[in-house]
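# Residue-level structure breakdown
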Amino acid sequence: MSIKEELRDAGEKFRLLSLYQRFEHIVVLILTALIAVIVVAAIWNLSLKILFGLVLSGSLDPSDYSAFQAVFGMIFTVIIALEFKKSLLVMAERRDSVVQIRSVVMIALLAICRKVIILDLAETDAMHTLALAAAILALGIVYWLIRDSDQCLDNTA
């Protein structure tokens, strides 16, 4: 399908939407564009920090835990933004405007995993670590339950 045909098809689908659905669709597209700009800026910033801050300055030491934490924290931030953008695009393509619960749980899991990676265990108390572990376990169970229920729905359809 050519770009002209896709744009014509999208225009026809847009005309069929109600006023509120059009508003919602436009908001989702604007948010998607803004997140795309943020992702590009974050990748540019990450590239500059790795190139100039670590490689060219000669301080690239893979065994340096603080550098490892900083780099992987920034990488996870980009991954979280991409997953968020993907969930918005899925919402824009569907007729129903309900955000997929699985996407929200996945974004929360990624955010907590990022927190665990950048966590300095020497300065963190046991209760904070236990709370993060409990949150990961709870979100993992919810994700597993949602995945199982989605598979059951697919099998019955």
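Residues numbered from 1 in each chain as written. Predicted model: local features only at pLDDT ≥ 70, side-chain atom pairs only at ≥ 80, totals over all residues. Heavy atoms only, no water.

Under the UniProt heading Subcellular location (unreviewed entry), the note attached to the protein is "Cell membrane". (UniProt positions renumbered as here; feature names shortened; annotations may be inferred.)

### Describing the overall build of the protein
Check the secondary structure of the protein and you find five helices and zero strands. Its helices and strands in sequence order give the protein the pattern α-α-α-α-α, from N to C terminus. The buried share of the protein, taken over its 157 residues, is 21%. Of all intrachain contacts in the protein linking residues separated by at least 6 positions in sequence, the fraction that spans at least 24 positions is 70%. (Helix = DSSP H or I, 4+ residues; strand = E, 2+ residues; numbered from the N terminus. Buried < 20%, exposed > 50% of the residue type's maximum accessible area, 1.4 Å probe, protein only. Contact = heavy atoms within 4.5 Å.)

### Considering the side chain of Thr 32
Relative to the helices and strands, Thr 32 is located in helix α2 (residues 19-55). You can call Thr 32 buried: its relative accessible area is 10%. Residues within four places of Thr 32 in sequence aside, it is in contact with Lys 85, Leu 88 and Leu 89.

### Considering the environment of Leu 46
One can find Leu 46 in helix α2. On the accessibility criterion, Leu 46 (11% relative accessible area) is buried. Residues Leu 46 and Ala 70, 24 residues apart in the sequence, show an inter-C-alpha distance of 9.9 Å.

### Regarding a nonpolar patch on the surface
A contiguous nonpolar surface patch, about 670 Å² in accessible area, is contributed by Tyr 20, Phe 23, Ile 26, Val 27, Ile 30, Leu 31 and Leu 34. Of note, Leu 34 is situated in helix α2. (Patch = residues over 30% accessible without salt bridge, like charges linked within 9 Å, V, L, I, M, F, W, Y side chains within 5 Å. Areas by Shrake-Rupley, 256 points an atom, 1.4 Å probe, with all protein chains shown as cover. Salt bridge = Lys/Arg side-chain N within 4 Å of Asp/Glu carboxyl O.)

### Some thoughts on helix α4 (residues 101-118)
In this model α4 runs 26 Å from its N-terminal to its C-terminal C-alpha over 18 residues, within 8% of the 26 Å that 1.5 Å per residue would give. What α4 keeps buried is the set Ser 103, Val 105, Ile 107, Leu 109, Leu 110 and Ile 112. (Expected span 1.5 Å × (residues − 1).)

### A word on the pattern of salt bridges
A full pass over the atoms with the stated rule returns one salt bridge. The salt bridge partner of Lys 13 is Asp 9, with a shortest N-O separation of 3.6 Å. Here Asp 9 and Lys 13 lie together in helix α1 (residues 3-16), a separation of four residues that amounts to about one turn. The class of Asp 9 is partly exposed, set by a relative accessible area of 31%.

### Some words on the side chain of Ser 87
Considering the arrangement of structural elements, one finds Ser 87 in helix α3 (residues 65-93). The residues contacting Ser 87, other than those within four sequence positions of it, are Ser 103 and Ile 107.

### Quick word on the packing of aromatic side chains
Aromatic rings in a pair are described by how distant their centres are and how their planes are angled relative to each other. Evaluation of the coordinates by the stated rule reveals one aromatic pair. With centroids separated by 6.2 Å and ring planes inclined at 40 degrees, the aromatic side chains of Tyr 20 and Phe 23 adopt a geometry described as tilted. With Tyr 20 and Phe 23 both in helix α2, this residue pair falls three residues apart, about one helical turn. Note on Phe 23: relative accessible area 52%, which makes it exposed. (Phe/Tyr/Trp six-rings, centres within 6.5 Å; stacked < 30°, edge-to-face > 60°.)

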